[in-house]
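Observations on the three-dimensional arrangement
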Amino acid sequence: LIVIIVVCALSCQKGSSVSPTLFGKWELSRLYGGLSYSDSTYKPGNGTYYQFNSDSTYKHYTKNIPDAQGVFHIRKFDNTKMTYLPDHQIFFDAILYGQPFQMKGSTITIGTTVTDQIALDYQKI
């Protein structure tokens, strides 16, 4: 019962307001990090992208074929004790754990290289 209450409380938190500049298509341009650290760049037109919509829905495409869709929200992350992480997270669908998320100009980064994880950069198209 306690677990259900905690899950409900967490899922009822409001997300941060989403910048309108997020809406649109974002194509994968770079993948980096991991246990053995690799760094790969992707040419424009590679067909791996997110489509973020103003109604908080998204679609993900790989080689121009849709492979995931649902709802997303962005939440401010209290990183006062972990200043090496971005201060926002993106949550896809009903998953309880978000991915570090940041926007810088025409680039969004999902994920982080902290603790040997993978980060993905997407460019606005």
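Residues numbered from 1 in each chain as written. Predicted model: local features only at pLDDT ≥ 70, side-chain atom pairs only at ≥ 80, totals over all residues. Heavy atoms only, no water.

**Observations concerning the overall build of the protein chain**
To keep it simple, the criterion reads: Strands are runs of DSSP state E lasting at least two residues, helices are runs of H or I lasting at least four, and both sets are numbered from the N terminus onward. The method behind every accessible area is Shrake-Rupley, applied with a 1.4 Å probe, and residues are considered shielded solely by the protein chains displayed.
A tally of regular secondary structure across the protein chain gives 1 helix and 9 strands. Element order for the protein chain, N to C, with α for helix and β for strand: α-β-β-β-β-β-β-β-β-β. Surface accessibility of the protein chain: about 8,000 Å² in total, with carbon and sulfur atoms responsible for 60%.

**Focus: the environment of Thr 57**
Threshold: Here, residues are in contact when the closest pair of their heavy atoms is within 4.5 Å. N or O atoms closer than or at 3.5 Å make up a polar contact, with two conditions inside protein: a donor-capable atom paired with an acceptor-capable one, and, for residues adjacent in sequence, both atoms drawn from side chains.
Positionally, Thr 57 belongs in strand β4 (residues 57-62). Separated by 35 residues in the primary sequence, Thr 57 and Phe 92 place their C-alpha atoms 9.1 Å from one another. Excluding its chain neighbours within four sequence positions, the residues that come into contact with Thr 57 are Gln 51, Phe 52, Gly 70, Val 71 and Phe 72. Among the polar contacts made by the side chain of Thr 57, one reaches the side chain of Asp 55 at a distance of 2.5 Å.

**Some remarks on the confidence of the model for the protein chain**
Applied cut-off: One number per residue, pLDDT, summarises how confident the predictor is, and it ranges from 0 to 100.
On average, residues of the protein chain score 84 in pLDDT, and 80% of them are at 70 or above. Counted against residues more than four places away or in other chains, residues 1-16, with its pLDDT under 50, gives 11 contacts.

**Let's talk about the side chain of Thr 109**
Operational definition: We call a residue buried when its accessible area falls under 20% of the maximum for its residue type, exposed when it is over 50%, and partly exposed in between, using a 1.4 Å probe and counting protein chains only.
You can see Thr 109 is positioned in strand β8 (residues 107-111). Residue Thr 109 is classed as buried on the basis of its relative accessible area of 9%. Within the structure, Thr 109 has its side chain in polar contact with the side chain of Asp 121 (distance 2.7 Å). Beyond its immediate chain neighbours, meaning those up to four positions away, Thr 109 contacts Tyr 32, Pro 100, Phe 101, Gln 102, Ala 119, Leu 120 and Asp 121.

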